[in-house]
Amino acid sequence: MQKIRIKYFHDDMEKLTYIDGKSDWIDLRAAEDVEMKAGEFKLVPLGIAMELPKGYEAHVVPRSSTYKNFGIIQTNHMGVIDESYCGDNDQWFFPAYALRDTKIGKGDRICQFRIMEHQPAILFEETDSLDHEDRGGIGSTGRR
Ligand SMILES: O=c1ccn([C@H]2C[C@H](O)[C@@H](COP(=O)(O)OP(=O)(O)OP(=O)(O)O)O2)c(=O)[nH]1
């Protein structure tokens, strides 16, 4: 088991739970009641900060049911939490765009995250030709 040091910003928040065997993505909750009008953007606080393991980052995505339940989408599509984002005030946020008037309750599970190892260090080596056949662009393999 990998240990992660976590700070909760509110005493009455439900603690994160890792449900072994079902999914290794961990649900995150809104840390306050949020009301949004259609077309509004808001950074919804998630009420936690973490010290990620060395060599890891975290990826945050919406739950599949988030749009159905709340009518919001995540504006960055996938949030990347850097390893260096580990200060006492580095609270995680969910950037939300509302497509309808909506209410999110404190404690509602709106997104999920997992940790991922960093990619290897990369050195770009410039060339005039990559010496491979073109694959063909977006949609080039057709619809069926
Ligand atoms: O959905 C997200 C995405 C990011 N973050 C936090 C963690 C991350 O480490 C930090 C910066 O994110 P990123 O580098 O993606 O944002 P940026 O727009 O490039 O800002 P910065 O100038 O701070 O790098 O913001 C969140 O809380 N939620």
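Just so you know, the residues in each chain are numbered from 1, in the order the chain's sequence is written. Totals for whole chains, interfaces and linings use all residues, but because this is a predicted model, local features are given only for residues with pLDDT of at least 70 and pairs of side-chain atoms are given and counted only at 80 or more. Side-chain measures were taken over the full set of non-hydrogen atoms in the model, leaving aside hydrogen atoms and water.

**A word on the overall build of the protein chain**
- Runs of E in the DSSP output that reach at least two residues are strands. Runs of H or I that reach at least four are helices, and both are numbered from the N terminus. Each helix and strand counted, the protein chain has 1 helix and 11 strands in total.
- Secondary structure elements in the protein chain, listed N-terminal to C-terminal, are β-β-β-β-β-β-α-β-β-β-β-β.
- Here the globule rule is a power law, 2.2 Å times the number of residues to the power 0.38, and the radius of gyration is based on C-alpha atoms. The C-alpha atoms of the protein chain give a radius of gyration of 19 Å, which is well past the 15 Å a tight globule of 144 residues would have.
- Principal-axis analysis of the C-alpha atoms gives the protein chain an extent of 60 × 40 × 30 Å.
- Exposure categories follow from relative accessible area, calculated using a 1.4 Å probe and restricted to protein chains: below 20% of the type maximum is buried, above 50% is exposed, and the middle band is partly exposed. The 144 residues of the protein chain split such that 30% are buried.

**Let's talk about the confidence of the model for the protein chain**
- Values of pLDDT, ranging from 0 to 100, describe the predictor's confidence in every residue of the model. Here the protein chain averages 96 in pLDDT, while 100% of its residues score no lower than 70.
- Across the interface, the model reports ipTM at 0.97; the global pTM reads 0.94.

**Concerning the layout of surface pockets**
- Here a cavity is any set of points on a 1 Å grid over the protein atoms alone where a 1.4 Å probe fits but cannot get out, and a pocket is any open set with protein on both sides within 12 Å along at least 5 of 7 lines; a residue lines the site when it has an atom within 4 Å of a point. Grid points are joined across faces, edges and corners, and a volume is the space filled by probe spheres set on the points. Here the largest pocket defines a volume of roughly 480 Å³.
- Taken together, 15 residues line the largest pocket, and the ones lying closest to its centre are Q2, I4, Y18, I26 and F113.
- Every element with two or more residues in the lining of the largest pocket is listed here: β1 (5-8) and β11 (109-117).
- For the lining of the largest pocket, the leading source of residues is β11, giving 3 residues.
- Its boundaries defined by the atoms lining it, the second largest pocket holds a volume of some 230 Å³.
- Contributing to the lining of the second largest pocket are K15, L16, T17, I19, K22, S23, W25, I26, D27, R29 and R109.
- Among the elements that make up the lining of the second largest pocket, the one with the highest residue count is strand β2 (residues 26-29) (3 residues).

**Section: the sheet that holds strand β7 (residues 72-74)**
- On the basis of which strands lie adjacent, the open sheet formed by 3 strands has the order β4-β9-β7 and antiparallel pairing. Each end of this open sheet is capped by a strand with a single partner; those strands are β4 (41-45) and β7. With direction set aside, neighbouring strand axes in the sheet form an average angle of 40 degrees.
- When DSSP finds at least two bridges between two strands, those strands are taken to pair. As paired strands, β7 and strand β9 (residues 93-98) are joined by 3 bridges and run antiparallel to one another. Note that in β9 the partner of Q74 across the bridge is A96. Orientation is described by axes fitted as lines to C-alpha atoms, over the contacting stretch for helices, and by angles from 0 to 180 degrees between their N-to-C directions.

**Structural notes on the UniProt feature "domain: dUTPase-like" (unreviewed entry) in the protein chain**
- The UniProt record annotates "domain: dUTPase-like" (unreviewed entry) at residues 27-141.
- Helix makes up 4% of residues 27-141 and strand 40%, with an end-to-end C-alpha separation of 36 Å. UniProt positions are given in the numbering used here, feature names are shortened, and annotations may be inferred rather than shown by experiment.

**Notes on unusual backbone geometry**
- Here H77, not a glycine, exhibits a phi torsion of approximately 65 degrees, which is positive.
- Unlike most non-glycine residues, D131 shows phi in positive territory, near 60 degrees.

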